[in-house]
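The primary structure of each chain is shown beneath.
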Amino acid sequence: MTAAPPDILRCAYLELVVGDLAAAREFYVDVLGLVVTEENGREIHLRALEEFIHHNLVLREGPVPAVAAFGFRVRTPRDLDAAEAHYRALGCAVRREPPGFRTGVGEVVRVLDPLGFPYEFFHDVAHVPRLTWRYEQYGAGAIVRLDHFNQVCPDVVAGAAYLEGLGFKRTEDIRDDDGVTYAAWLARKDTVHDTALTGGAGPRMHHIAFATHERHNILYICDKLGALRRSDAIERGPGRHGVSNAFYLYLRDPDGHRIEVYTQDYYTGDPDNPVVTWDVHDEQRRDWWGHPVVPSWYTEASTVLDLDGDPVPLREREEPAEMDVTVGADGFSYTRKDDTGGGFKLGGQL
Ligand SMILES: O=C1C=CC(S(=O)(=O)O)=CC1(O)O
Ligand SMILES: [Fe+2]
């Protein structure tokens, strides 16, 4: 028996467990410029400049760096009932927590979803000042919005079907001629995604992405990290994505959690929005300029915790791994599909 899904508005916050709260605060506040909504000795609640809900990121000090919750806002309080019924019908662990369980948030429905991820749904939330027009508080790398999550799971086809059953719309994916799906991007809001599934051992969190208004904001973050002699925080990019068309940069925080800074993807809000499918052998799918994807971007990701705070065991991917298919088998990746005389970047192979 199934139950109608909740009406999810958007990805809204992530709870990150960090090993050293002060070091994490320095990275997210002093380096990236996120705004502190409130903090105490154990937790810090942060938000982006255009946000009006209490927070987009919770940093909580703990023994195992991990992700404790992926928070999604739902349209009405009644959607919490729908969330509870939907996940109970899926046979998932469900806990309904009272207001205050999550600082600044009303009642929360927490679930361990079919992929093993700790999702939570909320509607009532404290409003805080939206700093959109407070330009005196903007740094040159101003982070304005939470844009998306990215989750690593072994079976992207099954994972995408579960999310589509939750009301997400697929906007892009990466596949091969044998029908293997390597990644998929799925949206509730009218942009390319609220979350994405990256094929690999999971459940793990691949990254959380924040948006800037312009590409130059991202370039400033790179220059600032260089000036701070923190260039080792830059994992991949800056560059232009093929998938999503966004300009991007991937950073690693002091605990190794991956943060993407992202700008200028595109509108996907019409019901007949066409899905964009990329060939896994297309050198320009993940970087439009053909820059190679560093191996750590494919292999490393963050542990996720269950509803009791214990790490969720991983399941290996059974289908081919993208890194093996495109880097290990170089010569099968192309810049121009019908160019049999080469067109792949041997020099770019890692
Ligand atoms: O947000 C994203 C958009 C595009 C890409 S990709 O590397 O271009 O596939 C990765 C990503 O999921 O981080
Ligand atoms: Fe991303």
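Look above for the structure.
The present account deals with the structure reproduced in this document. Since this is a predicted model, take the numbers as computed values, not measurements.

1. Re the state of the cysteines
Scanning the model with the defined rule gives zero disulfides in all. Unpaired in terms of disulfides, Cys11 finds its nearest cysteine sulfur in Cys153, a separation of 17 Å. A residue is classified by how much of its surface remains accessible, and Cys11, at 2% relative accessible area, is buried. Its sulfur unpaired, Cys153 is 14 Å from the next cysteine sulfur, which belongs to Cys92. Of the residues examined, Cys153 reaches a relative accessible area of 1% and is grouped as buried.

2. With respect to the site of ligand 1
In the vicinity of ligand 1 lie 14 residues, with Trp185, His207, His241, Tyr250 and Arg286 positioned nearest. With respect to ligand 1, the side chain of His148 contributes an N or O atom lying 2.9 Å from an oxygen atom. Arg285 has a polar backbone atom sitting 3.5 Å from an oxygen atom of ligand 1. When atoms are counted within 2 Å of each cavity's grid points, the one that captures over half of ligand 1 is the second largest cavity.

3. Side note on the coordination of the iron ion (ligand 2)
All of the protein donors around the iron ion (ligand 2) are His148 (NE2), His207 (NE2) and Glu260 (OE); their distances to the metal are 1.9 to 2.2 Å. If you list the donors of the iron ion (ligand 2) from N- to C-terminus, the spacing comes out as H-x58-H-x52-E. Taken together, the residues span a long stretch of sequence, with His148 in strand S9 (residues 145-153) and Glu260 in strand S16 (residues 258-263) at a distance of 112 residues. Like His148, the residue Glu260 is buried in the burial classification.

Analysis parameters
Once a new chain begins, its residue numbering starts again from 1 and follows that chain's sequence as written. Lettering for chains starts from A, numbering for ligands starts from 1, and both go in the order in which the items are written. Only residues with pLDDT of at least 70 get local features here, since the model is predicted, and only at 80 or more are side-chain atom pairs given and counted; chain-wide, interface and lining totals rely on the full set of residues. Values reported for side chains reflect all heavy atoms of the structure, with hydrogen atoms and water molecules removed beforehand. For the purposes of this analysis, a disulfide is any pair of cysteine sulfur atoms at a distance within 2.5 Å. Between buried and exposed lies partly exposed: a residue is buried under 20% and exposed over 50% of the maximum accessible area for its type, with that area taken using a 1.4 Å probe on protein chains only. It suffices for a single heavy atom of a residue to lie within 4 Å of a molecule or strand for the residue to be listed as near it. Polar contacts, as counted here, are pairs of nitrogen or oxygen atoms within 3.5 Å of one another; within protein the pair requires one atom able to donate a hydrogen and one able to accept it, and residues that are adjacent in sequence qualify only if both atoms are side-chain atoms. Residues are said to line a cavity or pocket when one of their atoms sits within 4 Å of a point; the points come from a 1 Å grid over protein atoms alone, cavities being sets where a 1.4 Å probe fits but cannot get out and pockets being open sets with protein on both sides within 12 Å along at least five of seven lines. Should more than half of a molecule's atoms lie within 2 Å of a pocket's or cavity's grid points, that molecule is taken to sit in it. The donor set comprises N, O and S atoms within 2.8 Å of the metal, extended to 3.2 Å for Na, K and Ca; water molecules are omitted, so apparent gaps in a site may simply reflect that omission. The secondary structure listing takes helices from DSSP runs of H or I that are at least 4 residues long and strands from runs of E that are at least 2 residues long, numbered from the N terminus.

Function cannot be inferred from these measures alone, as they are strictly geometric.
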